[in-house]
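Okay, here's what each chain looks like letter by letter:
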Amino acid sequence: MKLRVSLALMLCVSLTACADDPPEATGPAEGYTGHGEPADFTPTVVTKSTALGVPASFDGHTVMEDGFLNASDTITAAQLQAFLERTPYGNRSWIADASVPDGRRAAEAIIAACQTFDVNPIAVLARMQVEQRAISTTSPISTHARDYTLGCGCPDNRPCNTAYKGLYEQVLCGARTMRGRYEDSEDGSGQWRRGHTKSTLDGFSITPTNHATAAMYAYTPWRGSTSNKIGNWLVWNITLKYARHFAELGVDLPGGDAPSPSAGGDWIGEACAEGMCRFSNSFCVQGAAGDMCSQSCEGYCPDRQGAAVTFCVDAAHFGGAGGGLCTVKAESRNGFCGALGMEAKTLTRFVGSSGAPGTSATVCVFPSAPSDPGPSDPEPSEPEPSDPEPSDPGPSDPPADPAPADPPPGGSDVPPEGDVGARCEGQTAYRTLDGATDVADCAAVNLTCGAGFCLGDGPSAPASYDDPRCATLDFAGKCEGQIAVYCDSYGNFFAQDCAEWGTRCGFADDGDGYWCRR
């Protein structure tokens with residue numbers, strides 16, 4: 001396995017990069033209120049149909065897509081260098097001329113660091129800008145700011161740890177922290193987790209729709225808004241700005257066409273090539289509807305750069321008699337298992353005699369595979385629970401953050417920007433908007449009510465809000481005055497005030513439907 005799991009919890013980034021450390025209640029850096037680049041507060045204008053991996057309008061519950069954060073190979077060093085030569089700010093960043101101690105150009109080192117932890121370099125660039133205006137500045141920033149661009153190893157009111165000094169070490173630390181917080185959401189150990197509601201430090205109740213968004217709030221537990229441009233509003237806006245600029249430079253970003261199936265046979269999770277697999281210790285697992293290359297395991301499986309992350313499960317999930325078997329996690333690169341001809345299931349790790357901590361992950365299995373071969377498994381007729389916790393956590397596992405209680409009746413789930421009052425009564429979700437209340441029976445569609453939303457247990461994709469407004473509203477959307485409203489395919493509701501962009505709402509075209517028009 002890569003080192004990222006064992007290292008992910010070692011370091012804390014300044015502010016609240018480590019979710020276990022409570023942030024300071026006061027200070028000029030709260031939510032990035034001291035950010036000094038005026039252009040970053042100008043809303044980024046995009047068409048909602050442009051596939052960038054970042055929502056076109058700010059919702060708070062979805063800062064970016066899982067597929068976007070996981071796309072470590074989305075840009076090359078040459079494309080990053082071109083970005084630094086011509087930034088979204090219309091200038092040339094000082095980083096374009098920077099290098100690291102081993103002589104590599106900064107662009108090459110940044111790409112290498114992000115690929116080490118499978119994190120999209122665009123997300124790290126945005127964080128560098130949020131923290132120190134490192135991208136928009138044309139002249140080298142101060143020595144200290146340059147050496148600690150992401151604040152890694154710099155606890156509040158204490159000297160910075162020189163072990164993390166330098167641009168490359170800072171990017172390594174930032175990417176490692178993002179990956180660690182993402183995996184904390186995946187295995188249920190994090191305070192911020194997909195599908196679980198938690199309050200931000202600026203008083204918003206947030207239910208992350210995916211692991212990437214949970215990771216962003218674990219890094220910075222401030223929401224912000226269009227009227228208070230701090231926290232994850234600022235992170236979202238800068239990330240969207242950079243994603244748009246890379247797209248304008250000709251880079252294909254995640255979120256577009258579905259991935260194509262592999263030719264097969266070369267690695268774990270791929271279809272077998274004529275019944276065989278072409279890597280050491282491999283064998284072909286046969287299923288009713290297909291086959292998959294694998295190898296035996298206890299606790300861990302090997303990973304390969306550019307391939308989906310692997311996970312060790314009980315061979316019984318694939319019809320085996322016992323022992324462990326390697327499969328892959330559900331990721332955007334494999335179409336959340338669909339491109340492999342498989343489906344996503346949340347399974348526990350096969351530990352065997354390895355001593356590995358017990359945990360769970362959403363992985364790819366054959367469609368005919370059983371849901372879980374243990375005596376504690378739910379009956380097939382029962383809906384699967386939302387965001388299950390590890391079934392048998394070992395003594396070394398971090399304690400899971402208990403699921404929050406349902407908000408009180410009439411409480412607002414996502415105040416205050418035009419959203420609804422939301423609550424749960426058992427497995428029934430109640431949503432109130434403009435005095436009218438919509439009711440959704442979550443159990444009837446095999447979902448679980450949480451914070452007034454029907455939440456699903458899909459792979460590393462947004463857990464559906466099943467917002468009642470989406471029953472009659474699709475991606476084409478409509479205009480409510482000068483506000484363009486629409487729903488994505490997961491049932492998440494979005495609204496964009498066109499007046500904020502100096503535009504008006506109207507029918508744009510067949511791709512965007514109703515959107516902000518100049």
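See the structure printed just above.
Model, not experiment: these values are computed from the prediction. (Residues numbered from 1 in each chain as written. Predicted model: local features only at pLDDT ≥ 70, side-chain atom pairs only at ≥ 80, totals over all residues. Heavy atoms only, no water.)

Applying the stated criterion across every chain yields a total of 13 aromatic pairs. Where phenylalanine 83 meets phenylalanine 246, the ring centres are 4.4 Å apart and the plane angle is 5°; that geometry is what we call stacked. With a gap of 163 residues between them, phenylalanine 83 in helix α3 (residues 77-85) and phenylalanine 246 in helix α9 (residues 231-248) connect regions that are remote in the sequence. On the accessibility criterion, phenylalanine 246 (0% relative accessible area) is buried. (Phe/Tyr/Trp six-rings, centres within 6.5 Å; stacked < 30°, edge-to-face > 60°. Helix = DSSP H or I, 4+ residues; strand = E, 2+ residues; numbered from the N terminus. Buried < 20%, exposed > 50% of the residue type's maximum accessible area, 1.4 Å probe, protein only.)

On to the sheet that holds strand β17 (residues 493-497), then. Read from one edge of the open sheet, three strands run β15-β16-β17, paired in antiparallel fashion. Every other strand in the sheet has two partners, leaving β15 (478-480) and β17 as the edge strands with one partner each. This sheet shows a mean twist of 30° between the axes of neighbouring strands, independent of strand direction. (Pairing = 2+ DSSP bridges. Axes fitted to C-alpha atoms, helices over the stretch in contact; angles between N-to-C directions.)

With that settled, the discussion passes to the packing of helix α4 (residues 106-116) against helix α7 (residues 167-187). Pairs of packed helices are described in terms of their axes, by the angle between the two and the distance that separates them. In the contact formed by α4 and α7, the axes pass within 8 Å of each other and the chain directions differ by 25°. As judged from the angle between their axes, α4 and α7 are roughly parallel. Where α4 crosses over α7, the handedness of that crossing is right-handed. Of the residues in α7, those in contact with Ala106, Ala109, Ile110, Ala113, Cys114 and Thr116 of α4 are Leu167, Tyr168, Val171, Leu172 and Ala175. Residue composition of the contact of α4 with α7, grouped by class: ten nonpolar, one polar and no charged. (Parallel < 35°, antiparallel > 145°, perpendicular 65-115°, else oblique. Left-handed = near helix turned anticlockwise from the far one by under 90°. Contact = heavy atoms within 4.5 Å. Nonpolar A, V, L, I, M, F, W, Y, C, P; charged D, E, K, R; others polar.)

Pairing of strand β3 (residues 283-287) with strand β4 (residues 290-294) involves five bridges; the strand directions are antiparallel. Note on β4: the bridge partner recorded for phenylalanine 283 is serine 294. Count of turn residues in the β3/β4 antiparallel hairpin: two residues.

All right, on to the state of the cysteines then. A disulfide bridge is the covalent bond that connects two cysteines by way of their sulfur atoms. What the rule picks out here adds up to nine disulfides. Each sulfur of the disulfide joining cysteine 152 and cysteine 173 lies 2.3 Å from the other. Judged by the sign of its S-S torsion, about -95°, the cystine formed by cysteine 152 and cysteine 173 is left-handed. You can see cysteine 152 sitting in the loop between α6 (143-147) and α7 and its partner cysteine 173 sitting in helix α7, a full 21 residues away along the chain. For cysteine 173, a relative accessible area of 0% corresponds to the buried category. Each sulfur in the disulfide pair cysteine 297 and cysteine 312 lies 2.1 Å from the other. (Disulfide = S-S within 2.5 Å.)

The element strand β16 (residues 483-487) is largely enclosed, with a buried count of four among its five residues. Where β15 and β16 come together, three bridges link them in antiparallel fashion. Pairing of glutamate 480 across the sheet is with isoleucine 483, part of β16. Between the antiparallel neighbours β15 and β16 lie two residues, among them glycine 481 with a positive phi of about 70°. Pairing of β16 with β17, which is carried by five bridges, proceeds in the antiparallel orientation. From the neighbouring strand, valine 485 faces β17, where its bridge partner is alanine 495.

Our next topic: the side chain of serine 57. Mapped onto the fold, serine 57 is located in the loop between α1 (4-7) and α2 (66-70). The exposure class assigned to serine 57 is buried, which follows from its relative accessible area of 0%. When neighbours within four sequence positions are excluded, serine 57 is seen to be in contact with Trp236, Tyr486, Phe494, Ala495, Gln496 and Trp515.

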